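Survey of secondary and tertiary structure
Residue-level listing of the chains:
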Amino acid sequence: QVQLVESGGGLVQAGGSLNLSCAASGRTFSTAAMGWFRQAPGKEREFVATIRWSGGRTDYADSVKGRFTISGDSAKNTVYLQMNSLKPEDTAVYYCASASSLLKVYNSYGYDYWGQGTQVTVSS
């Protein structure tokens, strides 16, 4: 089992920034990638960003590319999401997830464990 705990959400004005953190504990030795997803009210959970521990490759959804940056420290089992130039449409619950396989890192089905989520609200 892997436990994930997110922090750093909150209320921010459009154009502002937030930095989310996710700390993993438990059987983290099998983690191959970490990801961030988000879910807005009435919408499906969507991919935001992912980082692969081996090599550090990062990938982003088109909607956040150039504004969000995912980073992490595999030794500390921690992943971050720096969010800049936030827009009202970024408002959602943000979830951290871990994957033991690299086959489907752009899809929620590819992740084995999830955090409880942290609310991000961007006011216009």
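Report on the accompanying structure. Only a predicted model underlies this, so the values are computations on that prediction, with no experimental measurement involved. (Residues numbered from 1 in each chain as written. Predicted model: local features only at pLDDT ≥ 70, side-chain atom pairs only at ≥ 80, totals over all residues. Heavy atoms only, no water.)

A separate point is the sheet that holds strand 3 (residues 18-26). Spatial strand order, 1-3-8-7: four strands in an open sheet with antiparallel pairing. Each edge of the open sheet carries a strand with a single partner, namely strand 1 (2-7) and strand 7 (68-73). In this sheet, neighbouring strand axes are inclined to one another by 15° on average, regardless of whether the strands run parallel or antiparallel. (Pairing = 2+ DSSP bridges. Helix = DSSP H or I, 4+ residues; strand = E, 2+ residues; numbered from the N terminus. Axes fitted to C-alpha atoms, helices over the stretch in contact; angles between N-to-C directions.)

In total, this model carries six aromatic pairs according to the counting rule given. With a centroid separation of 5.1 Å and an interplanar angle of 80°, the aromatic rings of Phe37 and Tyr111 are classed as edge-to-face. Separated by 74 residues along the polypeptide, Phe37 in strand 4 (residues 33-39) and Tyr111 in the loop between strand 9 (92-99) and strand 10 (113-114) bring together distant segments of the chain. For the pair shown, Phe37 and Tyr111 are each scored as buried. Here a set of aromatic residues connected by ring pairs shows up, and it is made of Phe37, Phe47, Tyr95, Tyr106, Tyr111 and Trp114. One cation-aromatic arrangement involves Arg45 over Tyr95; the distance from NZ or CZ to the ring centre is 3.8 Å. (Phe/Tyr/Trp six-rings, centres within 6.5 Å; stacked < 30°, edge-to-face > 60°. Buried < 20%, exposed > 50% of the residue type's maximum accessible area, 1.4 Å probe, protein only. Lys NZ or Arg CZ within 6 Å of the ring centre and 35° of its normal.)

Let's shift gears to the pattern of salt bridges. This structure, assessed with the given rule, holds five salt bridges. Asp90 serves as the salt-bridge partner of Arg38, at 2.9 Å between the closest nitrogen and oxygen. With a gap of 52 residues between them, Arg38 in strand 4 and Asp90 in the loop between strand 8 (78-83) and strand 9 connect regions that are remote in the sequence. Residue Asp90 is classed as buried on the basis of its relative accessible area, which comes to 1%. Between Lys65 and Asp62 there is a salt bridge; the shortest N-O distance is 3.1 Å. With relative accessibility at 67%, the residue Asp62 sits in the exposed group. Among the charged side chains, a salt-bridge network with shared partners connects Arg38, Glu46, Arg67 and Asp90. (Salt bridge = Lys/Arg side-chain N within 4 Å of Asp/Glu carboxyl O.)

Here the structure, examined in full by the defined rule, presents one disulfide. Between the sulfur atoms of Cys22 and its disulfide partner Cys96 the distance amounts to 2.0 Å. For the disulfide bridge between Cys22 and Cys96, the dihedral angle about the S-S bond is near -75°, and by the sign convention the bridge is left-handed. Placement of the pair is Cys22 in strand 3 and Cys96 in strand 9, with a sequence separation of 74 residues. Classification of Cys22 by relative accessible area gives buried; the value is 1%. (Disulfide = S-S within 2.5 Å.)

Time to look at the pairing of strand 11 (residues 118-123). Regular strands place side chains that alternate from one sheet face to the opposite one. The alternating pattern of strand 11 places Thr118, Val120 and Val122 on a buried face, while none of Gln119, Thr121 and Ser123, on the opposite face, is buried. Two elements, strand 2 (residues 10-13) and strand 11, share four bridges in a ladder whose sense is parallel. The partner of Val12 across the bridge, within strand 11, is Val122. Both strand 9 and strand 11 contribute to a ladder of three bridges, which runs antiparallel. By the bridge assignment, Val93 is partnered in strand 11 with Gln119.

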